[in-house]
Amino acid sequence: MAYITLRDVQLAFGGPALLNGANFNLERGERVCLIGRNGEGKSTLLKLIEGSLLPDSGEVSLQNGITISMLAQDVPMDSGKVADIVADGAGEAAEVLRAYHEASEACVLGDMDACERMGNLQHKMDQLDGWALETKVNSILSKMGLDPEADLADLSGGRKRRVLLARALLTQPDVLLLDEPTNHLDVESIEWLEKFLLDQNNLTLLFISHDRAFVDSIATRIVELDRGQLRSYEGNYSRYLDLKAQQMEAEEKQNALFDKKLAEEEVWIRQGIKARRTRNEGRVRALKALREESKARRSQQGKVTMATQDANRSGKLVFEIENLSVKFGDNAPIINNFSALVLRGDRIGLVGDNGVGKTTLIKAILGEIEHGGTVKTGTQLEVAYFDQLRNALDLEKSVKDNVSEGSDHVDVNGNRRHIYSYLQDFLFSPERARTPVKALSGGERNRILLAKLLLKPSNLIVMDEPTNDLDMVTLELLEEMLSGYTGTLLLISHDRAFMDNVVTSTWVFDGKGNIDEYVGGYQDYLEQRPDQTVVDQKSAVKKAMAKAEAETAPVAAKKVKLSYKDQRALEQLPAEIEALEKEQTEINAQLADGALFVTDSDKALKLSNRLSEIDELLLEKLERWEELDNMNNG
């Protein structure tokens, strides 16, 4: 039996249904990534499974006895001792233990009522196995490298995430729900989280993430929430993209046929035929049904349309930085004697842990804070700045007023456009455009910033964590826009895939004030870093030694005689390979036009998965046949 099952679940909050007859199973040991556009209802689905929300109809059932913990998206700003915050994950046991300690202290001071309470609390502690709680807390904190006495308020975003994860895992849940676990984490923390989750034996995961590298590393299955429906895709994100493209193509063809049929019937009904005649009643009823189906059909949410505003070209030299240093008070320099040359068209990514000075360096280069050394700025620079703290947004004002600053029109590359028309490019309907920013999600706020940023003519774009909260489709469109940008880009991001696809060079901060420059994106940096060079050199030496040994090894003097079992396998393998190739051809024919993804999506996915299995089997059997044939012909 599945750990978690959703059957025909319906849920709406006044608008289109977030879940419209949705079905879903989560099996033990799976690591399922839930993806979908901003506002589709992914976090709502996790709350349904957690039990903090109830569906309008349908069933959410859990296997008897399983426990579920959830790591929420938001990182708290509260203070408190780390050990106490983690212990709170034990629920009632933590409360009883805390009350027991308080009663114990009062009893020592002579409070007889407290002494009596201790007896009752001790009985409850025995029932809840609360005496082992402190040991469990210290054990998991040690495992995660956290100081139990530290104050949560003093920790970085990544460390706070570890504390919350420790609290969620304290009771050793069967299922862990994670809502955007990599948001606001630096690359080192993301890689630590990947390794930690993969090392947890039999932990079942259902998580929401827009970090494609994280998803590819962790997920065993992708489930997409799209227009109220849940669709499952076996494999990683790249595999999902292939299947999704086939499905969307098939859906477009099916919709085109439907629209053509509806248009033909609408023409027929207007040709003066007496529709009340008996022989036409069926056709009229069919037309009514087509109209109702057309109204009920939910089209796929549009894609963001984004383009930069044209500006005069900057000079070839953008920044000449010499011995730049930044120091706050008596502390060690956060940036120490950094020198670099930034030329027109460079796309530079800044990488490093939280707090190492990436934003500080940007502000120093732009002249917003005092610094040592010199920064020579090129000519005709026009800067557009995307701020990770979203300080450019007034939360009390509407989307419209934030972007257009009160005007009803905006200029887009010399063309005058109404603000509502422009905002629709960023998926804001007129009604949504009148909504105060404080009522919007993180992803929507990021889209507002992009809409505002891209109105400004620029030849230098500075982006500080632009990918937080953006869905994957919008991320890919932003990548495409930045990759074609002819100006200069300075980009701070912890999204490794985004960096790899956009930047041409990388500045890496070591946390001690030093910054090193590498050609290419994040993966290129990993291959070029000094410690990796040593590993590569050792690997090359080993390969060379192995090759030398192979070349000097004596050649076999005689032919090897196959065993009866191997001889039979050699005879049967050609027929088995031929059968697999025939099955492969038949499946490809069934999936060729994509229609099966619409008429029977489950069957289409099973066939797609079978194609992958056949690819693996063919490879294995061909390799085995070649091996046996070589042995036989010696």
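Positions within a chain are numbered from 1, following the residues in the order the chain's sequence is written. Side-chain atom pairs in this predicted model are given and counted only at pLDDT of 80 or more, local residue features only at pLDDT of at least 70, and totals for whole chains, interfaces and linings cover all residues. To get the side-chain values, take all heavy atoms of the structure and skip hydrogens and water.

**Q** Can you walk me through the overall build of the chain in this structure?
**A** If you tally the helices and strands in the chain, you get 22 helices and 20 strands. Should any heavy atoms of two residues lie within 4.5 Å, those residues are counted as being in contact. Within the chain, contacts between residues at least 6 apart in sequence are counted, and of these 69% link residues at least 24 apart. Approximately 33400 Å² of the chain is accessible, and the part contributed by carbon and sulfur atoms is 48%. Numbering of helices and strands starts at the N terminus; helices are DSSP runs of H or I of at least 4 residues and strands are runs of E of at least 2. Values of accessible area rely on a 1.4 Å probe in the Shrake-Rupley scheme; residue burial ignores everything except the protein chains shown.

**Q** What am I meant to see in the sheet that holds strand E10 (residues 317-326) here?
**A** The strands that make up a sheet pair up through hydrogen bonds in the backbone, lying either parallel or antiparallel. Read across the open sheet, the 3 strands follow the order E11-E10-E13; overall the sheet is antiparallel. If you trace the sheet from one side to the other, it starts and ends with strand E11 (335-343) and strand E13 (372-377), each paired once. Here the average twist between neighbouring strands, direction ignored, is 5°. Two strands are said to pair when DSSP picks up at least two bridges between them. Pairing analysis gives 5 bridges linking E10 to E13, with the strands arranged antiparallel. By the bridge assignment, Phe319 is partnered in E13 with Thr377. Axis definition: a line fitted to C-alpha atoms, over the contacting stretch in the case of helices. Angles run 0 to 180 degrees between N-to-C directions.

**Q** What should I look at first to understand the UniProt feature "binding site: ATP 2" (unreviewed entry) in the chain in this one?
**A** Under the UniProt annotation, the feature "binding site: ATP 2" (unreviewed entry) is placed at Gly352, Asp353, Asn354, Gly355, Val356, Gly357, Lys358 and Thr359. In this structure, Val356 sits in the loop between strand E12 (347-351) and helix H11 (358-365). Once you skip the residues sitting within four places of it in the chain, Val356 turns out to touch Ile334, Phe509 and Gly511. Here Gly357 lies in the loop between E12 and H11. Here Gly357 falls in the buried class, since its relative accessible area comes to 6%. Apart from residues no more than four positions distant in its own chain, Gly357 is found in contact with Ile334, Ile335 and Phe509. UniProt positions are given in the numbering used here, feature names are shortened, and annotations may be inferred rather than shown by experiment. Accessibility here uses a 1.4 Å probe with only protein chains present; expressed as a share of the type maximum, an area under 20% marks a residue as buried, one over 50% as exposed, and anything in between as partly exposed.

**Q** Honestly, the pairing of strand E17 (residues 460-464) in this entry has me stumped. Any pointers?
**A** Most of E17 is tucked away, with 5 of its 5 residues classed as buried. By the alternation rule, side chains of E17 split into Leu460, Val462 and Asp464 and Ile461 and Met463, which are all buried. Bridge count between strand E14 (residues 383-386) and E17: 4 bridges; the pairing is parallel. Note that in E17 the partner of Phe386 across the bridge is Met463. By the bridge criterion, 5 bridges tie E17 to strand E18 (residues 488-492) in an arrangement that is parallel. Along E18, the bridge assignment pairs Met463 with Leu491.

**Q** Teacher, can you tell me more about the nonpolar core here?
**A** One broad rule of soluble globular proteins: the nonpolar side chains tend to lie buried together. Val86, Leu165, Leu176, Leu197 and Phe207 are the most contacted members of the largest nonpolar core, which totals 53 residues. At 6 residues, the largest contribution of residues to this core is made by helix H6 (residues 157-169). Leaving out residues up to four positions away in the same chain, Leu165 has contacts with Leu71, Met144, Leu176, Leu178, Trp192, Leu193 and Phe196. Ranked by size, the runner-up nonpolar core spans 43 residues in total, among them Tyr422, Phe426, Leu489 and Leu526. Residue types Ala, Val, Leu, Ile, Met, Phe, Trp, Tyr and Cys, when buried and joined through side-chain atoms within 4.5 Å, form a set referred to as a nonpolar core.

**Q** What's the story with the packing of helix H3 (residues 92-108) against helix H4 (residues 112-128) in this structure? I'm lost.
**A** How two helices pack is summed up by the angle between their axes together with the distance between the axes. It is the contact of H3 with H4, at a shortest axis distance of 9 Å, that shows an interaxial angle of 150°. It follows from the interaxial angle that H3 and H4 lie roughly antiparallel. Here H3 and H4 pass one another in a crossing that is left-handed. Between H3 and H4, the residues in contact are Glu92, Ala93, Val96, Leu97, Ala99, Tyr100, Ala103, Ser104, Ala106 and Cys107 and Ala114, Cys115, Arg117, Met118, Leu121, Gln122, Lys124, Met125 and Leu128, respectively. Taken together, the residues of the contact of H3 with H4 break down into 14 nonpolar, 2 polar and 3 charged. Convention used here: angles under 35 degrees read as roughly parallel, angles over 145 as roughly antiparallel, angles from 65 to 115 as roughly perpendicular, and any remaining angle as oblique. For any helix crossing, the convention is left-handed if the near helix is rotated counterclockwise from the far helix by under a right angle, and right-handed if that rotation is clockwise. Only Asp, Glu, Lys and Arg are considered charged in this grouping, and only Ala, Val, Leu, Ile, Met, Phe, Trp, Tyr, Cys and Pro are considered nonpolar; every other residue, Gly among them, is considered polar.

**Q** Any chance you could explain the packing of aromatic side chains here in plain terms?
**A** Between the rings of Phe, Tyr and Trp (Trp by its six-membered ring), a pair exists once the centres lie within 6.5 Å; its type follows the angle of the planes, with under 30 degrees stacked, over 60 edge-to-face, and the other angles tilted. Applying the stated rule across the entire model yields 8 aromatic pairs. On the numbers, 5.0 Å between centres and 70° between planes, the contact of Phe338 with Trp507 is edge-to-face. You can see Phe338 sitting in strand E11 and its partner Trp507 sitting in strand E19 (residues 505-509), a full 169 residues away along the chain. This pair shows no difference in class: Phe338 is buried, exactly as Trp507 is. Ring pairs connect the aromatic residues Tyr233, Tyr237 and Tyr240, which therefore count as one cluster. Look at NZ for Lys and CZ for Arg. If either is within 6 Å of the ring centre and within 35 degrees of the ring normal, a charge sits over the ring. Residue placement shows Arg162 over the ring face of Trp192; its charged tip is 4.0 Å from the ring centre.

**Q** I'm lost on the state of the cysteines in this one. Help?
**A** When two cysteine sulfur atoms are found within 2.5 Å, that pair is recorded as a disulfide. The full count for this structure, using the stated rule, is 1 disulfide. Across the disulfide, Cys107 is cross-linked to Cys115 (sulfur-sulfur distance 1.9 Å). Since a negative S-S torsion denotes a left-handed disulfide, the Cys107-Cys115 link at about 95° is right-handed. Judged by its relative accessible area of 21%, Cys107 falls in the partly exposed class. Accessibility expressed as a relative area gives 24% for Cys115, which makes it partly exposed.

**Q** How do you make sense of the sheet that holds strand E5 (residues 68-71) when you look at a structure like this?
**A** Strand order in the open sheet made by the 6 strands is E5-E6-E7-E3-E8-E9, with mixed pairing throughout. Each edge of the sheet is formed by a strand with only one pairing partner; in this case those strands are E5 and strand E9 (229-234). Adjacent strand axes in the sheet meet at a mean angle of 20° when their direction is disregarded. Relative to strand E7 (residues 204-208), strand E3 (residues 31-35) runs parallel, the two being bridged by 4 bridges. When the sheet's bridge partners are listed, Arg31 is paired in E7 with Leu205.

**Q** Can you help me understand the environment of Leu317 in this one?
**A** On the secondary structure map, Leu317 appears in strand E10. Owing to a relative accessible area of 22%, Leu317 belongs among the partly exposed residues under this scheme. Residues Leu317 and Gly345 lie 28 residues apart in sequence; the distance between their C-alpha atoms is 9.9 Å. In this structure Leu317 touches Leu341, Val342, Leu343, Lys376, Gly378 and Thr379, once residues within four positions along its chain are discounted.

**Q** Would you mind going over the side chain of Ser69 with me for this structure?
**A** Residue placement: Ser69 occurs in strand E5. Once residues lying within four places of it in the same chain are set aside, the contact partners of Ser69 are Ala168, Thr171, Pro173, Val175, Leu176 and Leu177.

**Q** What is the right way to read H3 from this model?
**A** Since one α-helical turn is 3.6 residues long, residues separated by three or four positions face the same way. Here H3 is 17 residues long and its end C-alpha atoms lie 24 Å apart, about the 24 Å a rise of 1.5 Å per residue gives. Three or more residues of H3 are buried, namely Ala93, Ala94, Val96, Leu97, Tyr100 and Ala103. Just downstream of H3 lies Gly110, where phi reads positive at about 100°. Expected span, for any helix, means 1.5 Å times one less than how many residues it has.

**Q** What exactly am I supposed to notice about the pattern of salt bridges here?
**A** Side chains that differ in charge, positive against negative, can pair when their charged atoms come close. The rule for a salt bridge is simple: a side-chain nitrogen of Lys or Arg has to be within 4 Å of a carboxyl oxygen of Asp or Glu. Counted according to the given criterion, the structure contains 16 salt bridges. A salt bridge links Glu59 to Arg7, with the shortest nitrogen-to-oxygen separation between them at 3.1 Å. With a gap of 52 residues between them, Glu59 in strand E4 (residues 57-62) and Arg7 in strand E1 (residues 4-11) connect regions that are remote in the sequence. Residue Arg7 is classed as partly exposed on the basis of its relative accessible area of 39%. Of the charged contacts, one joins Glu613 and Arg610 as a salt bridge, the two residues approaching to 3.2 Å between their closest N and O atoms. Placement of both Glu613 and Arg610 in helix H22 (residues 601-633) is noted, with a separation of 3 residues, approximately one turn of the helix. Residues joined by salt bridges that share partners form a network here, namely Glu191, Glu194, Asp211 and Arg496.

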